[in-house]
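# Remarks on the overall topology
Single-letter residue listing:
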Amino acid sequence: MSLPDKAFPVSWDQFHRDARALAWRLAGLNQTFKAIVCITRGGLVPAAIISRELNIRLIETVCVASYHDYVNQGDMVLLKGIAPELMENGGETVLVIDDLTDTGKTAAQVRTMLPKAHFACVYAKPKGVPTVDTFITEVSQDTWIYFPWDMGFTYQEPIAKGAG
Ligand SMILES: O=P(O)(O)OC[C@H]1O[C@H](OP(=O)(O)OP(=O)(O)O)[C@H](O)[C@@H]1O
Ligand code: HPA
Ligand SMILES: [Mg+2]
């Protein structure tokens, strides 16, 4: 697979605002979450913002990798699982955080470990939408989201010269 046609670049400022918007949305659920399970690595950044906003101080990671070469997704590898005490009762008091859901494979895989947890991410593509409970912004499936931690400053071609 090659890079999707459309680009959705996200600055640190925009990411912070969108992650805070997610925190507001989650606060509105009036649900008490005892812990956050963040899906590394992308979930670490929104988890930090949401834990601060919702005052959730118990943070666990589930470490999975599937995009081994940037845009191409391979087999899901579980590098580190979730503490057994957080998986009790299907994780009903757990909030799972990721930066985005794309095909939904990552969220679906983690849901097998925490079937009753609340799944939230900042961005979602249509295939991933059914795999999460809450998200903020949807982009089309043929869009690649460029996160600020993956970016640097580079020259941009003028649109008139055919920049995509
Ligand atoms: O819905 P999916 O198609 O499964 O894709 C979404 C996942 O892909 C990215 O993680 P990635 O596996 O690239 O690892 P990273 O978070 O360490 O960058 C992203 O952070 C999500 O976790
Ligand atoms: O659109 C994306 N952007 C960054 N990482 C990703 N991992 C899956 N989809 C994406
Ligand atoms: Mg990830």
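Residues numbered from 1 in each chain as written. Chains lettered and ligands numbered in written order. Predicted model: local features only at pLDDT ≥ 70, side-chain atom pairs only at ≥ 80, totals over all residues. Heavy atoms only, no water.

The name given to the chain in an unreviewed UniProt entry is Xanthine-guanine phosphoribosyltransferase, with Rhizobium aouanii as the source organism. According to UniProt, the comment filed for the chain under the heading Sequence similarities (unreviewed entry) is "Belongs to the purine/pyrimidine phosphoribosyltransferase family. XGPT subfamily." (UniProt positions renumbered as here; feature names shortened; annotations may be inferred.)

### What to know about the site of ligand 2
All residues in the neighbourhood of ligand 2 are listed as Tyr67, Leu100, Asp102, Lys125, Trp144, Ile145 and Phe147. Take Lys125: an N or O atom from its side chain is 2.8 Å from an oxygen atom of ligand 2. Burial of ligand 2 by the protein amounts to 87% of the accessible area it has alone, namely 260 Å². The residue inventory of the shell around ligand 2, partitioned by class, reads 5 nonpolar, no polar and 2 charged. (Near = heavy atom within 4 Å. Polar contact = N/O pair within 3.5 Å; in protein donor to acceptor, adjacent residues only side chain to side chain. Areas by Shrake-Rupley, 256 points an atom, 1.4 Å probe, with all protein chains shown as cover. Nonpolar A, V, L, I, M, F, W, Y, C, P; charged D, E, K, R; others polar.)

### Thoughts on the site of ligand 1
Around ligand 1 lies a shell of 15 residues, among which Arg41, Asp98, Asp99, Thr103 and Thr106 are the nearest. The separation between an oxygen atom of ligand 1 and a polar side-chain atom of Thr103 is 2.5 Å. Residue Thr106 places a side-chain N or O atom 2.5 Å away from an oxygen atom belonging to ligand 1. Contact with the protein chains hides 87% of the accessible area of ligand 1, taken as 500 Å² for the molecule alone. Taken atom by atom, the bulk of ligand 1 overlaps the largest pocket. If you list the elements that add at least two residues to the shell around ligand 1, you get strand E3 (59-69), strand E5 (94-101) and helix H4 (105-113). A total of 4 residues in the shell around ligand 1 trace back to one element, the largest contributor, which is E5. (1 Å grid on protein atoms, 1.4 Å probe; cavity = no way out; pocket = protein on both sides within 12 Å on 5 of 7 lines; lining within 4 Å. Sits in = over half its atoms within 2 Å of the grid points. Helix = DSSP H or I, 4+ residues; strand = E, 2+ residues; numbered from the N terminus.)

### Description of the UniProt feature "binding site: Mg(2+)" (unreviewed entry) in the chain
Annotation from UniProt places "binding site: Mg(2+)" (unreviewed entry) at Asp99. Within the secondary structure, Asp99 sits in strand E5. Looking at Asp99, the relative accessible area reads 8%, which means it is buried. Contact partners of Asp99, with chain neighbours within four places excluded, come to Gly42, Gly43, Pro46, Cys121, Val122, Tyr123, Phe147 and Trp149. (Buried < 20%, exposed > 50% of the residue type's maximum accessible area, 1.4 Å probe, protein only. Contact = heavy atoms within 4.5 Å.)

### Some words on the packing of helix H1 (residues 12-27) against helix H2 (residues 44-54)
Two elements in contact, H1 and H2, have axes whose closest approach is 9 Å; the angle formed by their N-to-C orientations is 50°. When the axis of H1 is compared with that of H2, the two are oblique. Seen along the crossing, H1 lies across H2 with a hand that is right-handed. The segment H1 lies against H2, with Trp12, Phe15, His16, Ala19, Arg20, Leu22, Ala23, Leu26 and Ala27 engaging Val45, Pro46, Ile49, Ile50, Arg52, Glu53 and Leu54. Classifying every residue of the contact of H1 with H2 by side-chain character gives 12 nonpolar, 1 polar and 3 charged. (Axes fitted to C-alpha atoms, helices over the stretch in contact; angles between N-to-C directions. Parallel < 35°, antiparallel > 145°, perpendicular 65-115°, else oblique. Left-handed = near helix turned anticlockwise from the far one by under 90°.)

### Quick notes on the pairing of strand E6 (residues 118-124)
Look at any regular strand and the pattern is simple: side chains alternate between the two faces of the sheet. Burial within E6 is extensive, with 7 of its 7 residues counted as buried. Looking at chain direction, E5 and E6 are connected through 6 bridges and run parallel. Within E6, the residue paired with Leu100 across the bridge is Tyr123. Chirality of the crossover, the property in question, places the unit of E5, H4 and E6 among those that are right-handed. (Pairing = 2+ DSSP bridges. Right-handed = clockwise from strand over helix to strand, strands pointing away.)

### Focus on H1
Over its 16 residues, H1 extends 22 Å from the first C-alpha to the last, a length consistent with the 22 Å expected when each residue adds 1.5 Å. Those residues of H1 not exposed but buried are Phe15, Asp18, Ala19, Leu22, Ala23 and Leu26. End-on, the buried residues of H1 take up no more than an arc of 150°, which puts them together on one face. Opposite its buried face, H1 presents the exposed residues Arg17 and Trp24, each directed more than 90 degrees away. (Expected span 1.5 Å × (residues − 1). Arc of directions from axis to C-beta.)

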